[in-house]
Amino acid sequence: MRGPNHESFPRTRAQLEEIEDFTLAPYAIRAGRSHGRDVEEQPAAMRTEFQRDRDRILHCAAFRRLEYKTQVFVTHEGDYFRTRLTHTLEVAQIARSIARTLGLNSDLIEAISLAHDLGHTPFGHTGESVLNELLAGEGGFEHNAQSLRVVEVLEERFCDRPGLNLTWEVREGIARHSKSNTPAVTRYVNGNQPSLEAQVADLADEIAYNHHDLDDALGMGLLPVDALRDVGWLWEIWRTEAERFPDSSPRHRQNRFLGALIETMIDDTIEATADELNRNGIDSPEAVLAFPRRLAVFSPAVRVHQDGLRKFLLERVYHHPRTLKMQYKAAGFFKKLFELYREQPDLLPVECQAMIGKWGLMRVLTDYLSGMTDRMCMEQYKEHFES
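Residues numbered from 1 in each chain as written. Predicted model: local features only at pLDDT ≥ 70, side-chain atom pairs only at ≥ 80, totals over all residues. Heavy atoms only, no water.

Caption draft 1: Seen up close, the side chain of glutamate 155. Residue position: glutamate 155 is located in the loop between helix H7 (143-154) and helix H8 (168-176). Engagement of the side chain of glutamate 155 in a polar contact is seen with the backbone nitrogen of alanine 61, the distance being 3.3 Å. Setting aside chain neighbours within four positions, we find glutamate 155 in contact with Cys60, Ala61, Ala62, Arg65, Val150, Pro162, Gly163 and Leu164. (Helix = DSSP H or I, 4+ residues; strand = E, 2+ residues; numbered from the N terminus. Polar contact = N/O pair within 3.5 Å; in protein donor to acceptor, adjacent residues only side chain to side chain. Contact = heavy atoms within 4.5 Å.)

Next up, the structure:
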């Protein structure tokens, strides 16, 4: 069987779509068969629709703000530690690696991964928890739903329409990729499950944060290396790498351990997901959507390992006094600013005040506060309460 002409350059969008048809697995989503955008646009000459979406996300203001939003450890602890931006880039890299091996659409999975945290608050999950508590009477706050609002409403790219006007498939992935925090957005429910690309993005997110939170905790000294003995499978990976490189420095040994750890998780995801797909005869995107449970999975043994690692990080890192101290301070910043602006909305920026009549004060407050960076939040706190 002869494939598309790979020797013709530059490749047009039609040729790129033809290459997708020939090279992707039958259960992968093709850009040429997208459900389209809310507002129809002239297709690009040299990019597929999912490539355009990825590029729009990379260039939007909300993506740039991720650089100054906390992942776990606040940015002033040091330049070495992850931010929401570096986390997002790591998720995208892991997801692309899995996608290419499984024959999924790497452009779609990259777009979903890059957009999955656009609606996240400053100060990591502390900010999300505080805002969810403050908005309990308004339905709460959930960052996946806010990410969807960012790309559909808040970003200002066009003069004649709100948002980024992304394809349906990318928006569905943002709305439904997470099992634990799926927002109630019925327009994106097109089956029992989201696309396989969205499912893989969710696993890549879990792999990334478990890996880099462990790396950062070791780097900060919150975790001594000997603490890994409490998680048997982690210690076995550490011991194996140490024996392979007996003369390596502590930092090099840590890097080797972390590299082996992430490779173990990625390889397991690929093998376990491929087994699920083959065993259940999944041969189309529609079969993925109709399946009663998720097909992108860890093996049972690694699922147990991942859950154990998360519990270990919760006890030893996320509840460490040094981490909790900053979380309590961040919660105080957020609550006081929210209460101040709720009582005195005239202190909000004029562009926010102008939207209160359209969206209501609480919606405007949600958009404004969740869009802040850590630095902006702390600066506004100092301006209003310490000057």
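Alright, that's what it looks like, and here's the rest.
Caption draft 2: Local environment of the packing of aromatic side chains. Considering all chains together, one arrives at six aromatic pairs under this definition. Note on tryptophan 168 and tyrosine 188: the rings are 5.8 Å apart at their centroids and 50 degrees apart in plane angle, and the pair reads as tilted. Of this pair, tryptophan 168 sits in helix H8 while tyrosine 188 sits in the loop between H8 and helix H9 (196-220), and the two are 20 residues apart along the sequence. Tyrosine 188 shares its class with tryptophan 168; the two are buried. Chaining the aromatic ring pairs together yields one cluster made of Phe123, Phe333, Tyr381 and Phe385. Positioned above the aromatic ring of tyrosine 68 is the side chain of arginine 375, whose terminal nitrogen or guanidinium carbon lies 4.1 Å from the ring centre. (Phe/Tyr/Trp six-rings, centres within 6.5 Å; stacked < 30°, edge-to-face > 60°. Buried < 20%, exposed > 50% of the residue type's maximum accessible area, 1.4 Å probe, protein only. Lys NZ or Arg CZ within 6 Å of the ring centre and 35° of its normal.)

Caption draft 3: Up close: the nonpolar core. Ranked by internal contacts, the top residues of the largest apolar core, which has 83 residues, are Tyr27, Ile57, Leu118, Leu214, Leu234, Phe257 and Leu261. Top contributing element to this core by residue count: H9, with 12 residues. Not counting the four nearest positions on each side in its chain, isoleucine 57 is found in contact with Phe63, Ala111, Leu114, Ala115, Leu118, Leu164, Leu166 and Val170. Judged by nonpolar contacts, the second largest core, of 25 residues, contains Leu131, Cys352, Tyr368 and Met378. (Core = buried A, V, L, I, M, F, W, Y, C linked by side-chain atoms within 4.5 Å.)

Caption draft 4: Region of the structure containing the side chain of lysine 69. Relative to the elements of secondary structure, lysine 69 occurs in the loop between helix H3 (61-65) and helix H4 (84-102). An unpaired buried charge is present at lysine 69: no salt bridge exists, and aspartate 374, the closest side chain of opposite charge, is 7.4 Å distant. Only 2.4 Å separates the side chain of lysine 69 from the backbone oxygen of histidine 120, close enough to count as a polar contact. Setting aside residues no more than four positions away along its own chain, lysine 69 makes contact with Thr83, Arg84, Leu118, His120, Thr121, Pro122, Ser370, Gly371, Met372, Thr373 and Asp374. (Lys, Arg positive; Asp, Glu negative; His and termini not counted. Salt bridge = Lys/Arg side-chain N within 4 Å of Asp/Glu carboxyl O.)

Caption draft 5: Spatial organisation of the packing of H7 against helix H17 (residues 361-370). Contact geometry for H7 and H17: axes closest at 12 Å, N-to-C directions at 100 degrees. By the angle between their axes, H7 is roughly perpendicular relative to H17. Contacts from Gln146, Arg149 and Leu154 of H7 reach H17 at Arg363, Thr366, Asp367 and Ser370. Broken down by class, the residue content of the contact of H7 with H17 amounts to one nonpolar, three polar and three charged. (Axes fitted to C-alpha atoms, helices over the stretch in contact; angles between N-to-C directions. Parallel < 35°, antiparallel > 145°, perpendicular 65-115°, else oblique. Nonpolar A, V, L, I, M, F, W, Y, C, P; charged D, E, K, R; others polar.)

By themselves, these observations are geometric and do not establish any function.
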